[in-house]
Amino acid sequence: MTLRSSLTRALAALATLALPALAQTPTPTPAPSQTLAVPPHNCVAPQYPSRDSLLQKRTDAYNRAVEAFNRDNKAYGECIRKYVEDTKTWVKAAADAGNKAIDEYNKYTEEMKKKLEEEKG
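Worth saying up front: this structure is predicted, and the values here are computed from it rather than measured.

Student: Summarise the state of the cysteines; cite the residues concerned and give the values.
Tutor: Disulfides are covalent bonds that connect the sulfur atoms of two cysteines. For the coordinates displayed, the defined rule picks out 1 disulfide. Here cysteine 43 connects covalently by a disulfide to cysteine 79, the sulfurs 2.1 Å from one another. One quick way to see it: the torsion about the S-S bond of cysteine 43 and cysteine 79 is about -85 degrees, and its sign makes the bridge left-handed. One end of the pair, cysteine 43, is in the loop between helix 2 (32–35) and helix 3 (59–120); the other, cysteine 79, is in helix 3, and 36 residues separate them in sequence. Relative accessible area serves as the criterion here: at 26%, cysteine 79 is assigned to the partly exposed category.

Student: Please give an account of helix 3 that cites residues and values.
Tutor: Taking 1.5 Å of rise per residue, 62 residues should cover 92 Å, and helix 3 covers 90 Å from first to last C-alpha, within 8% of that figure. Three or more residues of helix 3 are buried, namely Ala61, Tyr62, Phe69 and Gly77.

Student: An account of the pattern of salt bridges is needed here, citing residue identities and associated values.
Tutor: Taken as a whole and assessed by the stated rule, the structure comprises 3 salt bridges. Here lysine 82 ties to aspartate 86 by a salt bridge, and the two come within 2.7 Å at their closest N and O atoms. Of this pair, lysine 82 and aspartate 86 both sit in helix 3, separated by 4 residues, roughly a single helical turn. Taking the relative accessible area as the measure of exposure, lysine 82 reaches 52% and is therefore exposed. Aspartate 86 gets classed as partly exposed once you look at its relative accessible area, which sits at 41%. With a shortest N-O distance of 3.7 Å, glutamate 85 and lysine 88 are connected by a salt bridge. Taken together, the positions of glutamate 85 and lysine 88, both in helix 3 and 3 residues apart, correspond to about one turn of that helix.

Cut-offs applied
Residues numbered from 1 in each chain as written. Predicted model: local features only at pLDDT ≥ 70, side-chain atom pairs only at ≥ 80, totals over all residues. Heavy atoms only, no water. Disulfide = S-S within 2.5 Å. Helix = DSSP H or I, 4+ residues; strand = E, 2+ residues; numbered from the N terminus. Buried < 20%, exposed > 50% of the residue type's maximum accessible area, 1.4 Å probe, protein only. Expected span 1.5 Å × (residues − 1). Salt bridge = Lys/Arg side-chain N within 4 Å of Asp/Glu carboxyl O.

If you want it as C-alpha cells, here you go:
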C-alpha cells in the first residue's frame, strides 16, 4: 500500500464521517424576543478607605487613598450613567423597530382589507 492510497482512504473515511454532520439542517434561530438580553454593566464600585484599615499609614497615605477613592467613585458614577444612557438608547432602538414592524403589519392588513372589499364588490 502506498502513501497516496493510504492518504486517499483516510480522507475518504474522514469525509464519510463528516458528511452527516455537515448535512444537518441548522437549528432554527429563536425568535428575537427570546434572544434579547440586556447585558449587565461592567462598572466596578470602589472600596471605601476606612480609617481603621489605614491607621498604620501616615496622613499623606490616607489622603492619597481618599483622593484615589474619590477619583474611582467619580469614574464609577460616570460608568453607571453611561451604561444607563446606552441602555436607554438600546431600548429606544428596540421599541422603534417594534413600532416599525407594527406599522408595516397594519399597512399590510389595511391593503388586504381593500383587496378583499374590491373582490366582493
